[in-house]
Amino acid sequence: GNSVTQMEGPVTLSEEAFLTINCTYTATGYPSLFWYVQYPGEGLQLLLKATKADDKGSNKGFEATYRKETTSFHLEKGSVQVSDSAVYFCALSSGYALNFGKGTSLLVTP
Amino acid sequence: NAGVMQNPRHLVRRRGQEARLRCSPMKGHSHVYWYRQLPEEGLKFMVYLQKENIIDESGMPKERFSAEFPKEGPSILRIQQVVRGDSAAYFCASSPPSAGVRETQYFGPGTRLLVL
């Protein structure tokens, strides 16, 4: 079945550091891929998405490229801020549902 | 345009009681999805509904759980005779009528259920 595996956290970075959160997937067909972010005590917000191979999703300085050959959708940001501290979820569309990874907690310190 | 609304935000129940969770989708959205997030876990799909129809309930436990999305009013996720293992955050998401498998789902703030 379809599934997502993302790197385990927590990830702790200093402000302005480079961020990579790895995400790989297993899927039949051609799913869409998503990154969602969850701030403490809140629901999930869509961060970015890509609907086909080689698409790059980007938002608020975050980027991820849909790589079919490596079945990956790694999240990157060149310079993180304290306000980026949150839990990040990689997900793929699977029928009507979204299949989520377990989430990666990011803490950015001043 | 108001987002997805869920209430209550926090719900405390004793074992054996019933829990009712409500979700109002975004304006113009007619597709509703329910997910459950256990501690330290990602979200797990439970059920997908359109107005007055359950489309996919493959993620719903076979017993004690039910969901509806009536013609009028919010979607309801109902858990009967709750047990401690039902303690989790329950998230609702919605998408527009044209939704296909690639459509973005918009999430509500969640209801955090605690069973004592």
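To keep things clear, this report deals only with the structure shown in the data block. (Residues numbered from 1 in each chain as written. Chains lettered and ligands numbered in written order. Predicted model: local features only at pLDDT ≥ 70, side-chain atom pairs only at ≥ 80, totals over all residues. Heavy atoms only, no water.)

**Quick word on the overall build of chain B**
Point 1. From N to C terminus, chain B includes 0 helices and 11 strands.
Point 2. The secondary structure elements of chain B, listed N-terminal to C-terminal, are β-β-β-β-β-β-β-β-β-β-β.
Point 3. Here chain B has a C-alpha radius of gyration of 13 Å; the compact-globule value for 116 residues is 13 Å, and the two agree.
Point 4. On the principal axes, the C-alpha backbone points of chain B span a range of 40 × 25 × 25 Å.
Point 5. Sequence separation of 24 or more characterises 54% of the internal contacts of chain B that already satisfy a separation of 6 or more.
Point 6. Counting every atom, chain B has about 5900 Å² of accessible surface; 47% of that belongs to carbon and sulfur.
Point 7. The averaged location of the 11 negative side-chain charges in chain B is 6 Å from the averaged location of its 17 positive side-chain charges. (Helix = DSSP H or I, 4+ residues; strand = E, 2+ residues; numbered from the N terminus. Rg over C-alpha atoms; globule rule 2.2 N^0.38 Å. Contact = heavy atoms within 4.5 Å. Areas by Shrake-Rupley, 256 points an atom, 1.4 Å probe, with all protein chains shown as cover. Lys, Arg positive; Asp, Glu negative; His and termini not counted. Charge placed at Lys NZ, Arg CZ, Asp CG, Glu CD.)

**Overview of the overall build of chain A**
Point 1. Looking only at helices and strands, chain A features 0 helices and 12 strands.
Point 2. Counted from the first residue to the last, chain A has its helices and strands arranged as β-β-β-β-β-β-β-β-β-β-β-β.
Point 3. Here the C-alpha radius of gyration of chain A, 13 Å, is about what a compact globule of 110 residues would show, namely 13 Å.
Point 4. If you line up chain A on its principal axes, its C-alpha atoms span 45 × 25 × 20 Å.
Point 5. A buried classification covers 45% of the 110 residues belonging to chain A. (Buried < 20%, exposed > 50% of the residue type's maximum accessible area, 1.4 Å probe, protein only.)

**Details of the interface of chain B and chain A**
Point 1. Between chain B and chain A, the contact holds 21 residues from the first and 22 residues from the second.
Point 2. Taking both sides of the interface into account, the surface hidden between chain B and chain A amounts to around 1700 Å²; carbon and sulfur atoms contribute 52%.
Point 3. At the boundary of chain B and chain A, one finds 0 salt bridges.
Point 4. Between chain B and chain A we count 6 residue pairs in polar contact (both at pLDDT 80 or more) in total.
Point 5. Within the residue set of the side of chain B that touches chain A, elements represented by two or more residues are strand S4 (31-37), strand S5 (43-50) and strand S6 (53-56) of chain B.
Point 6. Residue composition of the side of chain B that touches chain A, by class: 10 nonpolar, 5 polar and 6 charged. (Buried area = accessible area lost by both parts, 1.4 Å probe. Salt bridge = Lys/Arg side-chain N within 4 Å of Asp/Glu carboxyl O. Polar contact = N/O pair within 3.5 Å; in protein donor to acceptor, adjacent residues only side chain to side chain. Nonpolar A, V, L, I, M, F, W, Y, C, P; charged D, E, K, R; others polar.)

**Describing the packing of aromatic side chains**
Point 1. Enumeration over the complete set of coordinates arrives at 12 aromatic pairs over all chains.
Point 2. With centroids separated by 6.0 Å and ring planes inclined at 85°, the aromatic side chains of Tyr25 of chain A and Tyr66 of chain A adopt a geometry described as edge-to-face. Linking Tyr25 of chain A in strand S4 (residues 23-26) with Tyr66 of chain A in the loop between strand S8 (62-65) and strand S9 (75-77), this pair joins segments that are 41 residues apart in sequence. Comparing Tyr25 of chain A with Tyr66 of chain A, the two get one shared label, buried.
Point 3. Ring plane angle 35° and centroid distance 6.1 Å describe the contact between Phe34 of chain A and Tyr36 of chain A, whose orientation is recorded as tilted.
Point 4. The exposure class of Phe34 of chain A is buried, given its relative accessible area of 0%.
Point 5. In this structure an aromatic cluster arises from ring pairing among Phe34, Tyr36, Phe89 and Phe100 of chain A together with Tyr35, Phe45 and Phe107 of chain B. (Phe/Tyr/Trp six-rings, centres within 6.5 Å; stacked < 30°, edge-to-face > 60°.)

**Brief notes about unusual backbone geometry**
Point 1. Here the bond from Gly9 of chain A into Pro10 of chain A is cis, since omega is -5°, no more than 30 degrees from zero.
Point 2. Looking at the element boundaries, Pro10 of chain A is found in the loop between strand S1 (3-6) and strand S2 (11-14).
Point 3. For the bond from Asn7 of chain B to Pro8 of chain B, the omega torsion is -5°, close enough to zero to count as cis.
Point 4. Positive phi is not limited to glycine here, since Lys60 of chain A has a value of about 55°.
Point 5. What makes Lys60 of chain A exposed here is its relative accessible area of 56%.

**Observations regarding the nonpolar core**
Point 1. Formed by 25 residues in total, the largest nonpolar core has its most connected members in Trp35, Leu48, Phe73, Leu75 and Tyr88 of chain A.
Point 2. For this core, the elements supplying multiple residues, two or more each, are S2, strand S3 (19-21), S4, strand S5 (33-38), strand S6 (44-50), S8, strand S10 (86-94) and strand S12 (104-109) of chain A.
Point 3. Tallying contributions element by element places S10 of chain A first for this core, with 4 residues.
Point 4. The next biggest cluster of nonpolar side chains, apart from the first, holds 23 residues, and it includes Trp34, Met46, Ile79 and Tyr90 of chain B. (Core = buried A, V, L, I, M, F, W, Y, C linked by side-chain atoms within 4.5 Å.)

**Some thoughts on the pairing of strand S11 (residues 97-100) of chain A**
All names here are of chain A.
Point 1. Taken together, the 4 bridges between S10 and S11 define a ladder with antiparallel strand orientation. Pairing of Ala91 across the sheet is with Phe100, part of S11.
Point 2. The loop that links S10 with its antiparallel partner S11 comprises 2 residues; one of these, Gly95, has a positive phi angle of about 65°. (Pairing = 2+ DSSP bridges.)

Any functional reading would require information beyond the geometric quantities listed.
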